[in-house]
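Fold and contact review
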Amino acid sequence: MPTLSHDCRVSLYRIIWETGEGSVQAFALESTRDAARRFFEAVIALIAGRPGADLELYNLYSYRHLFDNGVSEDEDLRVFEIGSRGDRVTAWADKPLFLTTDPTLLGKWAELQAELAAQATRMAIRRIGGPR
């Protein structure tokens, strides 16, 4: 299982960008919260083709905040949690925008996608009466 790099654990930030087609979860490495906010506004404005002031950006969280408030047993997966109830994740990031080249973040994302696909397969097998 891949683990997140030291850089991610120290300087990863995630923000939610609300678009006309739904929410996008953007990830970047920055030195401070203010630097992360400026970076997200500038880069997403370029992507959207709109001024930063016109964007709906919210829930800017650091790795530490996501770690402390997440519930996943695999603590690194907590960066992809969008919702939880008790000790169960109810929603995962489904439209990530990786504004970093850190390979460990992409590896964790791939691991999550593989696990979610395996869960969906197990549920489908149960529904059709396969092995439990």
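Residues numbered from 1 in each chain as written. Predicted model: local features only at pLDDT ≥ 70, side-chain atom pairs only at ≥ 80, totals over all residues. Heavy atoms only, no water.

Judged by nonpolar contacts, the single largest core of 16 residues is most densely connected at Ile15, Trp17, Ala26, Phe40, Ile44 and Leu99. Counting only elements with at least two residues in this core, the list comes to β1 (12-19), β2 (22-29), α2 (33-48) and β3 (56-62). By residue number, the principal contributor to this core is α2, which donates 5 residues. By size, the runner-up hydrophobic cluster in this structure holds 14 residues, among which are Leu66, Leu77, Phe80 and Leu105. (Core = buried A, V, L, I, M, F, W, Y, C linked by side-chain atoms within 4.5 Å. Buried < 20%, exposed > 50% of the residue type's maximum accessible area, 1.4 Å probe, protein only. Helix = DSSP H or I, 4+ residues; strand = E, 2+ residues; numbered from the N terminus.)

Another point: α2. Relative to the 22 Å expected for 16 residues at 1.5 Å per residue, α2 spans 22 Å between its end C-alpha atoms, a close match to the ideal helical length. Within α2, the full set of buried residues consists of Ala35, Ala36, Phe40, Val43, Ile44 and Ala45. Elements that come into contact with the buried residues of α2 comprise β1, β2 and β3. Backbone geometry just downstream of α2 places Gly49 in the positive-phi region, at approximately 70 degrees. (Expected span 1.5 Å × (residues − 1). Contact = heavy atoms within 4.5 Å.)

Here we take up the pattern of salt bridges. Counting across every chain of the model gives 5 salt bridges. A salt bridge links Asp68 to Arg64; the shortest N-O distance between them is 3.2 Å. One end of the pair, Asp68, and the other, Arg64, are both in helix α3 (residues 63-69), 4 residues apart, so they sit about a helical turn from each other. Residue classification places Arg64 among the partly exposed positions, given a relative accessible area of 46%. Salt-bridge contacts for Asp74 lead to Lys108; the nearest nitrogen and oxygen are separated by 2.6 Å. Here Asp74, found in the loop between α3 and β4 (81-85), pairs with Lys108, found in helix α4 (residues 103-127); they are 34 residues apart in sequence, far enough to count as distant. Salt bridges here are not isolated pairs; linked through shared partners, they connect Asp74, Lys108 and Glu111. (Salt bridge = Lys/Arg side-chain N within 4 Å of Asp/Glu carboxyl O.)

Bringing the pairing of β2 into the picture now. Among the 8 residues of β2, 6 are classified as buried, and the element is accordingly described as predominantly covered. Across 8 bridges, the pairing between β1 and β2 is antiparallel. Bridge pairing in β2 places Tyr13 opposite Ala28. (Pairing = 2+ DSSP bridges.)

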